[in-house]
Amino acid sequence: MPFIEEADLLELHKDIDKAQQMNERLLDQVKIKNKEIKKNKIQRNVLGIITTIFFIGTLTFTSFTVGLSTRTQAYETNSNNILVSIDSLDVIKSRIDNLKEQNKELSLVSDFYLAKSILEKEKIYSVQIQTFVDNNVTLSSKSLTNTLFVKNNPFYSYSIGNFETIEEARLFRVQLVKMGFNDAFVASYKDGKRIKIEDPN
């Protein structure tokens, strides 16, 4: 097995940790935005109910006034009510337009979160660097992220990196080969199990 400096391995894991932390921060932001989306949906529903009640109340009030007043008084009252209604409608329409803009922005975040959750169910690529007979290996520390320690009967394989595309994994493999891991290869995984060994080119 080729020798790797502990400092180089630590640097690799630090880079992988940084990427993992960025993903976690992004996921937290997406969760916050999803809560805002739910809150805005509730606000839109409440606003719709209030608007409907307002229209029904305005129509009822107008009908009641016309029935009790003379023709001239009914005309004046109806004109005043219409002016008040138009002003109120403009305010409500402005609020609805504002909520629509916010909803567009939040839907982009929601789409990103949905795409990320779909990717998590898809297969990933990692670079396998070593195979062991037993699973008592110090390399499989829980503090190291973006590593896979998978049982492939009767052996255990140790892989570094989690990549969405095979091209990223192949580039990472080239770097590991330059460091002395000549036997490193790219493998695809799904649900924590190795699917197959990929072509190195």
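For the structure itself, look to the data block above.
How each quantity is defined
- Residues numbered from 1 in each chain as written.
- Predicted model: local features only at pLDDT ≥ 70, side-chain atom pairs only at ≥ 80, totals over all residues.
- Heavy atoms only, no water.
- Helix = DSSP H or I, 4+ residues; strand = E, 2+ residues; numbered from the N terminus.
- Buried < 20%, exposed > 50% of the residue type's maximum accessible area, 1.4 Å probe, protein only.
- Contact = heavy atoms within 4.5 Å.
- Areas by Shrake-Rupley, 256 points an atom, 1.4 Å probe, with all protein chains shown as cover.
- Core = buried A, V, L, I, M, F, W, Y, C linked by side-chain atoms within 4.5 Å.
- Expected span 1.5 Å × (residues − 1).
- Arc of directions from axis to C-beta.
- Pairing = 2+ DSSP bridges.
- Patch = residues over 30% accessible without salt bridge, like charges linked within 9 Å, V, L, I, M, F, W, Y side chains within 5 Å.
- Salt bridge = Lys/Arg side-chain N within 4 Å of Asp/Glu carboxyl O.
- Lys, Arg positive; Asp, Glu negative; His and termini not counted.
- Charge placed at Lys NZ, Arg CZ, Asp CG, Glu CD.
- Phe/Tyr/Trp six-rings, centres within 6.5 Å; stacked < 30°, edge-to-face > 60°.

**What to know about the overall build of the protein chain**
Then step 1. Secondary structure assignment for the protein chain yields three helices and five strands.
Then step 2. Scanning the protein chain from its N terminus toward the C terminus, one meets helices and strands in the order α-α-β-β-β-α-β-β.
Then step 3. Residues classed as buried in the protein chain amount to 27% of the 201 residues present.
Then step 4. Here the contacts in the protein chain between residues at least 6 apart in sequence split such that 69% fall between residues at least 24 apart.
Then step 5. Surface exposure of the protein chain reaches about 14200 Å², of which carbon and sulfur atoms provide 57%.

**Quick word on the nonpolar core**
Then step 1. In this structure, Tyr125, Val127, Ile129, Ile160, Phe172, Leu176 and Val186 are the most contacted members of the largest nonpolar core, which totals 17 residues.
Then step 2. Taken together, the elements giving at least two residues each to this core come down to helix 1 (6-68), strand 1 (124-132), strand 3 (155-163) and helix 3 (166-178).
Then step 3. Those residues within four positions of Leu176 in sequence are excluded, and the remaining contacts are Leu12, Val127, Ile129 and Phe181.

**Overview of helix 3**
Then step 1. The first and last C-alpha atoms of helix 3 sit 19 Å apart over 13 residues, in line with the 18 Å expected at 1.5 Å per residue.
Then step 2. Looking at helix 3, one finds that the buried residues are Ile166, Ala169, Arg170, Phe172, Arg173 and Leu176. All buried residues of helix 3 project into a common sector of 165° when viewed along the axis, lining one side. Set apart from the buried face of helix 3 by more than 90 degrees, the exposed residues are Leu171 and Lys178.

**Some remarks on the environment of Asp183**
Then step 1. Among the secondary structure elements, Asp183 is positioned in the loop between helix 3 and strand 4 (185-190).
Then step 2. Taking the C-alpha atoms as reference, Asp183 lies 8.0 Å from Gln130; in sequence the two are 53 residues apart.

**Topic: the pairing of strand 3**
Then step 1. Burial analysis of strand 3 places seven of its nine residues in the buried class, which makes it a mostly covered element.
Then step 2. Examined bridge by bridge, strand 1 and strand 3 share six bridges and lie antiparallel to one another. Directly across from Tyr125, in strand 3, lies its bridge partner Phe163.

**A short note on a negative patch on the surface**
Then step 1. Negative charge collects at one region of the surface, where Glu5, Asp8, Glu11 and Asp15 lie side by side.
Then step 2. Inspection of the secondary structure puts Glu11 in helix 1.
Then step 3. The exposure class of Glu11 is partly exposed, given its relative accessible area of 42%.

**Let's talk about the pattern of salt bridges**
Then step 1. With the rule as written, the count across this model stands at three salt bridges.
Then step 2. With a closest N to O distance of 3.7 Å, Glu36 and Lys33 form a salt bridge. Taken together, the residues Glu36 and Lys33, both in helix 1 and three residues apart, mark about one turn of the helix.

**Examining the packing of aromatic side chains**
Then step 1. Throughout the structure, instances matching the rule amount to two aromatic pairs.
Then step 2. On the numbers, 5.4 Å between centres and 50° between planes, the contact of Phe163 with Phe172 is tilted.
Then step 3. Given the relative accessible area of 9%, Phe172 is considered buried.

**Focus: a positive patch on the surface**
Then step 1. Together, Lys31, Lys35, Lys38 and Lys41 make up a region of like positive charge exposed at the surface.
Then step 2. Relative to the helices and strands, Lys38 is located in helix 1.
Then step 3. On the basis of relative accessibility, which here comes to 58%, the residue Lys38 falls in the exposed class.

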